[in-house]
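A closer look at the structure
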Amino acid sequence: MLGKFFHKPGPEHSDRVPPGQHLTNGFPVLTYGETPPVDRDTWEFRVWGLAEERVFSWDDFMALPQHDFTADFHCVTRWSKLDVKWRGVKVADFMALLNLDPKAAHVMEHCYGGYTTNVPLADFLREENFFAHTLFDEPLPPDHGGPMRLVIPHLYAWKSAKWINGLEFLEKEVSGFWERNGYHRRGEPWAEERYSNRFFGG
Ligand SMILES: Nc1nc2c(c(=O)[nH]1)N[C@H]1C(S)=C(S)[C@@H](COP(=O)(O)O)O[C@H]1N2
Ligand SMILES: [Mo]
């Protein structure tokens, strides 16, 4: 019994809902711990590791091209939400500002509040990925990661860091928070890459 907020996908959506997922019309909040207070005026975004170290401000992100995005959102706890409408900055446009060391092969996403999650560089650089500051035409609510979060639509949503404030570029894979605590290293929903008992980087 899933209740009225979750339902099995009808045939019109079955090709968009990964195995083992149910649709929700609401938008649940999934956070480990509290929502950290983050202020746009003092917001900072730092890049370090195998890239020239840089610090970006809110205005630096606003100066980049702004786009609308529509993406499906899949949480490993088995809910999916289709057609989420966001606005923000393409990861590709942001990455064009960086001076990346060719040895970089992995990315650690860092957040206000201390959450981390890791992705292979190739997954991070996918054309459809973006930083979002707007959700359904409203400023991104704090509980959903406002003022700014990452969205990586092709992986489970724990890879879409809320309150993101930094990227650490790495040569070797290092596990982030959930990856150290039993989640899969990559998290591809169509392959149901949910859990694993391996982690990397001590
Ligand atoms: N900083 C941070 N980002 C996070 C999380 C978190 O606990 N902290 N939870 C992740 C998980 S498990 C999911 S499913 C999505 C949930 O996003 P939502 O709360 O906007 O639905 O955020 C991801 N990003
Ligand atoms: Mo999740």
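Higher on the page you've got the structure.
Residues numbered from 1 in each chain as written. Chains lettered and ligands numbered in written order. Predicted model: local features only at pLDDT ≥ 70, side-chain atom pairs only at ≥ 80, totals over all residues. Heavy atoms only, no water.

Details of the state of the cysteines
To be explicit about the condition: What counts as a disulfide here is a pair of cysteine sulfur atoms lying within 2.5 Å. Three labels apply to residues, based on accessible area from a 1.4 Å probe with only protein chains included: buried if under 20% of the type maximum, exposed if over 50%, partly exposed otherwise in between.
In this structure the tally under the stated criterion is zero disulfides. Distance from the sulfur of Cys111, which forms no disulfide, to the nearest cysteine sulfur (Cys75) is 15 Å. With relative accessibility at 7%, the residue Cys111 sits in the buried group.

With respect to the nonpolar core
For the record, the criterion: Residues grouped as a nonpolar core are buried Ala, Val, Leu, Ile, Met, Phe, Trp, Tyr and Cys residues, joined through side-chain atoms within 4.5 Å.
Within the largest apolar cluster, 37 residues are counted, with the highest numbers of intra-cluster contacts made by Phe45, Phe94, Phe124, Phe131, Leu167 and Phe169. Trp79, Ala132, Leu135 and Leu140 belong to the second-largest nonpolar core, a separate cluster that totals 14 residues.

Describing the sheet that holds strand 7 (residues 106–111)
Applied cut-off: Two strands are said to pair when DSSP picks up at least two bridges between them. Going along the chain from the N terminus, every DSSP run of H or I of four or more residues is numbered as a helix, and every run of E of two or more is numbered as a strand. What counts as an axis is a line fitted to C-alpha atoms, over the stretch in contact for a helix, and the angles between N-to-C directions run from 0 to 180 degrees.
Read across the sheet, five strands follow the order 4-3-12-7-8 without closing on themselves; strand pairing throughout is mixed. Looking along the sheet, the strands with just one partner apiece sit at the ends: strand 4 (54–57) and strand 8 (116–120). Within the sheet, the average angular offset between the axes of one strand and its neighbour, ignoring direction, is 20°. Summarising the sheet, strand 7 and strand 12 (residues 164–170) pair through six bridges and their orientation is antiparallel. Residue pairing across strands places His106 opposite Leu170, the latter belonging to strand 12.

Digging into the side chain of His154
Inclusion rule: For this analysis, a polar contact is any N or O atom pair within 3.5 Å, provided that within protein one partner can donate a hydrogen and the other can accept it, and provided that sequence-adjacent residues contribute only side-chain to side-chain pairs. In what follows, residue pairs with any heavy atoms lying within 4.5 Å of each other are defined as contacts.
Counting through the fold element by element, His154 comes out in the loop between strand 11 (149–151) and strand 12. Exposure remark for His154: the relative accessible area of 11% places this residue in the buried category. At 2.7 Å, the side chain of His154 and the side chain of Asp123 are in polar contact. Once residues within four sequence positions are removed from consideration, His154 is found in contact with Asp123, Arg126, Glu128, Asn129, Arg186, Glu188 and Pro189.

Concerning unusual backbone geometry
Between Gly146 and Pro147 the backbone carries a cis peptide bond, its omega angle lying at 15°. Along the chain, Pro147 turns up in the loop between strand 10 (138–139) and strand 11. Within the chain, Phe136 stands out as a residue other than glycine whose phi angle is a positive 45°. Within the secondary structure layout, Phe136 lies in the loop between strand 9 (130–135) and strand 10. Phi is positive for Glu192, which is not a glycine, with a value near 50°. As for its position among the elements, Glu192 is in the segment after helix 4 (177–180).

Just distances and angles here, no functional claims.
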